[in-house]
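Fold and geometry: a report
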Amino acid sequence: MSTSFERFQKRKLISSYFSVVLSIGLVLFLLGILGLLVLNTKKLADHFKEQITISVFLKDNAKEVEVDQLQKSLAMAEYTKKATYVSKEQAAEQHSEEIGENFLDFLGYNPLKNSIDVQLKADYVSTEKIAEIAEEISSRDYIEEVSYDKPLITLLNDNVKKISFWILVASGIFTFIAVLLINSSIRLSIYSKRFIIKTMQMVGATKTFIRRPFIWTNIKLGVLGAVIALIALGFVIYYVNINFPELNLFQDPAILVFLFASVFFLGVLISFISTFFATQRFLNLRTDDLYY
């Protein structure tokens, strides 16, 4: 009979520990995903900004040597990520593919211009800087026009600022929720042992002596939950990096090390603080209050 009861108690204890580890792991995993997003917000914003292209259209009488010099100077400019020469024939072919028919047969001539497409570095994608760049390029005699989507640039910069702000707000809210969820799981685990705590206190054990094994046990559970969260987070980062290599998540290992260390530290810290205050609460309760 006692053996059966002991097995029941052991299963109950394992189930309690499992639920605590699972809840800690899940919460820390979600927190890690959010942290990854926060730490890579600028990188994501830069990726979208660097899709912005300035098209430099050339006059028909532009000399080949002038075009070559312009392309080389643009490619070497501090604001340029990539400069690509597009002939009028290539432009006509691309346009025909987009509209699904050969418009040259209809018009009888090619109205398009030779051009150089300039992809800018993210730091230079702002309305003011692009206007300065466009003005500097268009000062050459053989430049027909410098074209770019000004409304799109304004909209992109405004949205990047808004998204960055709300990501920070969401990070704060989710961190608070994470603390509450982990705290609730640990408190429920300790709640089932409140009579043991009070019994030890009644036979003369000090609060520190009673609290120590609970803190140590839940720190180990927090570490286990954090390890599970980090393994899952590692798989997610690997998957994202494989499918979206342009994000270069492994380009700066220090960011990933900081993220993983932060998640691990949070798992340990929250477990310690939650256990400390949960045990303190039951230590301060009167015996009669334990039944409510």
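Residues numbered from 1 in each chain as written. Predicted model: local features only at pLDDT ≥ 70, side-chain atom pairs only at ≥ 80, totals over all residues. Heavy atoms only, no water.

Examining the UniProt feature "transmembrane region" (unreviewed entry) in the protein chain
Under the local residue numbering, the UniProt record ascribes the feature "transmembrane region" (unreviewed entry) to residues 20–39, 163–186, 221–242 and 254–278. Summarising residues 20–39: 100% helix, 0% strand, and an end-to-end C-alpha distance of 28 Å. For residues 221–242, the end-to-end C-alpha separation is 32 Å, with 100% helix and 0% strand making up the annotated structure. (UniProt positions renumbered as here; feature names shortened; annotations may be inferred. Helix = DSSP H or I, 4+ residues; strand = E, 2+ residues; numbered from the N terminus.)

Observations regarding the pairing of strand E3 (residues 115–120)
Pairing of strand E1 (residues 53–58) with E3, which is carried by five bridges, proceeds in the antiparallel orientation. Paired with Phe-57 across the two strands is Ser-115, which belongs to E3. (Pairing = 2+ DSSP bridges.)

Quick notes on the confidence of the model for the protein chain
For the protein chain, per-residue confidence averages 79 on the pLDDT scale, and residues scoring 70 or more make up 85% of the total. When mean pLDDT is compared element by element in the protein chain, E3 scores highest at 88, while helix H5 (residues 103–107) scores lowest at 62. (pLDDT = per-residue confidence, 0-100.)

Considerations on the nonpolar core
Note that soluble globular proteins tend to have their nonpolar side chains buried in a common cluster. Core analysis: the largest hydrophobic core is formed by 30 residues, its most contacted members being Leu-28, Ile-182, Ile-190, Ile-197, Ile-210 and Ile-237. Residue assignment for this core shows that the elements contributing at least two residues are helix H1 (2–39), helix H7 (150–191), helix H9 (207–243) and helix H10 (253–284). Excluding its chain neighbours within four sequence positions, the residues that come into contact with Leu-28 are Ile-182, Gly-225, Ala-226, Ala-229, Val-263, Leu-266 and Gly-267. Within the second largest apolar cluster, 26 residues are counted, among which are Leu-74, Ala-83, Val-146 and Ile-153. (Core = buried A, V, L, I, M, F, W, Y, C linked by side-chain atoms within 4.5 Å. Buried < 20%, exposed > 50% of the residue type's maximum accessible area, 1.4 Å probe, protein only. Contact = heavy atoms within 4.5 Å.)

Focus on the packing of aromatic side chains
The full count for this structure, using the stated rule, is four aromatic pairs. Following the ring pairs from residue to residue traces out a cluster consisting of Phe-272, Phe-276 and Phe-277. The ring of Tyr-124 has Lys-129 lying over it, and the distance from NZ or CZ to the ring centre is 5.4 Å. (Phe/Tyr/Trp six-rings, centres within 6.5 Å; stacked < 30°, edge-to-face > 60°. Lys NZ or Arg CZ within 6 Å of the ring centre and 35° of its normal.)

Some details on the packing of helix H2 (residues 41–49) against H7
Taken N-terminus to C-terminus, the directions of H2 and H7 make an angle of 165°; their axes are 11 Å apart at the nearest point. Put simply, H2 runs roughly antiparallel to H7. In the crossing of H2 with H7, the sense of the turn from one axis to the other is right-handed. Residue-level inspection shows Thr-41, Ala-45, Phe-48 and Lys-49 of H2 in contact with H7, the latter providing Leu-156, Asn-157, Val-160, Ser-164 and Ile-167. When grouped by side-chain class, the residues that make up the contact of H2 with H7 number five nonpolar, three polar and one charged. (Axes fitted to C-alpha atoms, helices over the stretch in contact; angles between N-to-C directions. Parallel < 35°, antiparallel > 145°, perpendicular 65-115°, else oblique. Left-handed = near helix turned anticlockwise from the far one by under 90°. Nonpolar A, V, L, I, M, F, W, Y, C, P; charged D, E, K, R; others polar.)

So, the sheet that holds strand E4 (residues 143–147)
Within the open sheet, the four strands sit side by side as E2-E3-E1-E4. Their pairing is antiparallel. Sheet topology places strand E2 (80–86) and E4 at the edges, where each strand pairs with a single neighbour. Each strand of the sheet is rotated relative to its neighbour by a mean of 15°, with strand direction disregarded. The pairing of E1 with E4 spans four bridges and is antiparallel. The residue bridging Leu-58 from the neighbouring strand is Ile-143, located in E4. On the sheet, helix H3 (residues 64–76) packs against E1, E2, E3 and E4 and is oriented at approximately 160° with respect to E2.

Details of H3
Over its 13 residues, H3 extends 18 Å from the first C-alpha to the last, a length consistent with the 18 Å expected when each residue adds 1.5 Å. For H3, the full list of buried residues reads Val-67, Leu-70 and Leu-74. Down the axis of H3, the sector holding all buried residues measures 65°, keeping them to one side. Exposed and facing more than 90 degrees away from the buried side of H3 are Glu-64, Gln-69, Lys-72 and Met-76. On its buried face, H3 sits against E1, E2, E3, helix H6 (127–138) and E4. (Expected span 1.5 Å × (residues − 1). Arc of directions from axis to C-beta.)

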